[in-house]
Amino acid sequence: MKKFLSVLFAVLLVVSMTTVVTAEDTKLAIASIDFPDNPDVDAIPRSGTLDLLINGDATTAVAHETAGIVLFMNKKSTEAGVYTEFDIVLELEEAGVVGGLDIDFYVQYMAMIGLPKDNTIIVEKSNDGTAFVPAETLTFEGEAVSGEDGVQHKTIMFDEAFEAKFLKLTFAYGDSPFTTDAKVIWEFVAFTEFAVLEGEIADDVSEEPADESEEESKSPDTGDNGYISFAVIAVVSLAGAAIIARKKRA
């Protein structure tokens, strides 16, 4: 009973602490957004430049002509099996610890504006904007559906946080659902906003596990009531963390 309650306390305490950290959702400031030259893809901002995606406000857009949307047009949408790729480079105002991405896609089924192939984003990182190395390949849930046009918000977290000043995001166009149309590949992928979420690099703790029998002999016998009290405290902490998570959103 004592061992079960001690494990329960530890698990609940860790979960509650993690919830508080995640609820912060602190965003790292983006200095600029760049679209490297690509002969097979055109960037088409609906007013302004690509930098309008830094603090996008087209959250309720239901038509691709809406100001604040940036379309990326695939010039090879009629070539079956050709999954053209394009890059978007985010430069942070200063190097920071990256934990995740907030991306607002815009989809419009009948206008041939879909989501990237396999809902996948290849992410590379850099400190100087020139030498990029792989960070992680991200995937997310969602699809472009007839009659459900508009902004799709995606929060995607990295498995492990990392330091960087530049992020290169690579997207590919996938097969369109229009199999009887000449454009068998999605013609557009579009966005309304990008944000970079701050992360926290975990400490590398590599201590030898203590001998269980030795630990038990050193620990004072507080009785089951002591462990139950700890468990209750942990549950209360978890409940408080859940309330914080509901209230705080960047």
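Every chain is numbered independently, its residues counted from 1 as its sequence is written. Confidence filtering applies because this is a predicted model: local features only for residues at pLDDT of at least 70, side-chain atom pairs given and counted only at 80 or more, and all residues used for totals across whole chains, interfaces and linings. Each side-chain value is derived from all of the structure's non-hydrogen atoms; neither hydrogens nor water enter the calculation.

**Brief notes about the overall build of the protein chain**
In step 1: In this description a helix means any DSSP run of H or I spanning at least four residues, a strand means any run of E spanning at least two, and both kinds are numbered starting from the N terminus. Along the protein chain, the regular secondary structure elements total three helices and ten strands.
In step 2: For the protein chain, the succession of helices and strands along the chain, N to C, is α-β-β-β-β-β-β-β-β-β-β-α-α.
In step 3: For this analysis, residues touch if any pair of their heavy atoms sits within 4.5 Å. Expressed as a percentage of contacts within the protein chain between residues at least 6 apart in sequence, the contacts between residues at least 24 apart total 78%.
In step 4: For accessible areas, the Shrake-Rupley method is used with a probe of radius 1.4 Å. Any residue's cover is judged against the shown protein chains and nothing else. Per element, the accessible surface of the protein chain, about 13900 Å² overall, is 53% carbon and sulfur.

**As for the side chain of Q108**
In step 1: Inspection of the secondary structure assignment puts Q108 in the loop between strand 5 (85-107) and strand 6 (113-114).
In step 2: Distance and chemistry together define a polar contact, namely a pair of N or O atoms within 3.5 Å, with one atom able to donate a hydrogen and the other to accept it when in protein, and with adjacent residues in sequence counting only for side-chain atoms on both sides. A distance of 3.0 Å separates a polar atom in the side chain of Q108 from the backbone nitrogen of H64.
In step 3: Within the local environment of Q108, its side chain forms a polar contact with the side chain of Y106, the two groups lying 2.7 Å apart.

**Regarding the pattern of salt bridges**
In step 1: A side-chain nitrogen of Lys or Arg and a carboxyl oxygen of Asp or Glu constitute a salt bridge if their distance falls within 4 Å. With the rule as written, the count across this model stands at five salt bridges.
In step 2: Its salt-bridge partner being K75, residue D42 comes within 3.4 Å of it at the nearest N-O pair. A residue pair is termed long-range when its members are at least 10 positions apart, and D42 in strand 3 (residues 41-45) and K75 in the loop between strand 4 (70-74) and strand 5 qualify at 33 residues.
In step 3: Burial classes follow relative accessibility: with a 1.4 Å probe on protein chains only, a residue under 20% of its type's maximum area counts as buried, one over 50% as exposed, and anything between as partly exposed. Overall, the relative accessible area of 30% leaves D42 in the partly exposed class.
In step 4: In this structure, D118 and K117 form a salt bridge, with 2.9 Å as the shortest nitrogen-oxygen distance.

**Considering the nonpolar core**
In step 1: Among buried residues, those of type Ala, Val, Leu, Ile, Met, Phe, Trp, Tyr and Cys that are joined through side-chain atoms within 4.5 Å constitute a nonpolar core. Judged by nonpolar contacts, the single largest core of 43 residues is most densely connected at F72, F86, L167, F191 and F194.
In step 2: Contributions of two or more residues to this core are made by strand 2 (30-34), strand 4, strand 5, strand 7 (120-126), strand 9 (150-172) and strand 10 (188-198).
In step 3: Those residues within four positions of F86 in sequence are excluded, and the remaining contacts are F35, N38, V41, F72, L169, T170, F171, Y173, V189 and F191.
In step 4: A58, L71, A111 and F188 belong to the second-largest nonpolar core, a separate cluster that totals nine residues.

**Overview of the pairing of strand 7**
In step 1: In terms of residue burial, strand 7 counts as a mostly covered element, since five of its seven residues are buried.
In step 2: As paired elements, strand 7 and strand 8 (residues 133-139) share six bridges and run antiparallel to each other. Paired with T120 across the strands is T139, a residue of strand 8.
In step 3: Linkage of strand 7 to strand 8, two consecutive antiparallel strands, is achieved through a turn of six residues, within which G129 is found at a positive phi near 80°. Think of it this way: DSSP has to see at least two bridges between two strands before they count as a pair.

**Overview of the packing of aromatic side chains**
In step 1: Aromatic rings from Phe, Tyr and Trp, with only the six-membered ring used for Trp, were paired whenever their centres fell within 6.5 Å, and each pair was classed as stacked if the ring planes differed by under 30 degrees, edge-to-face if by over 60, and tilted otherwise. A full pass over the atoms with the stated rule returns 14 aromatic pairs.
In step 2: Centre to centre, the rings of F72 and F191 are 5.7 Å apart; their planes meet at 75°, and the pair counts as edge-to-face. Of the two residues, F72 is situated in strand 4 and F191 in strand 10; the sequence distance between them amounts to 119 residues.
In step 3: Taking relative accessible area as the criterion, F191 reaches 0% and is therefore assigned buried.

**Examining the confidence of the model for the protein chain**
In step 1: Across the protein chain, pLDDT averages 81, with 71% of residues at or above 70.
In step 2: Values of pLDDT, which run from 0 to 100, indicate the predictor's confidence residue by residue. Ignoring residues within four places in sequence, the model shows residues 11-24, a span with pLDDT below 50, making 20 contacts including any to other chains.
In step 3: Contacts of residues 214-222 to residues separated by more than four positions or lying in other chains number four contacts, the stretch itself having pLDDT below 50.

**Quick look at the environment of T137**
In step 1: Mapped onto the secondary structure, T137 falls in strand 8.
In step 2: Here T137 falls in the partly exposed class, since its relative accessible area comes to 47%.
In step 3: Spatially, the C-alpha atom of T137 lies 9.9 Å from that of D159, the residues being 22 residues apart in sequence.
In step 4: Those residues within four positions of T137 in sequence are excluded, and the remaining contacts are T120, I121 and I122.

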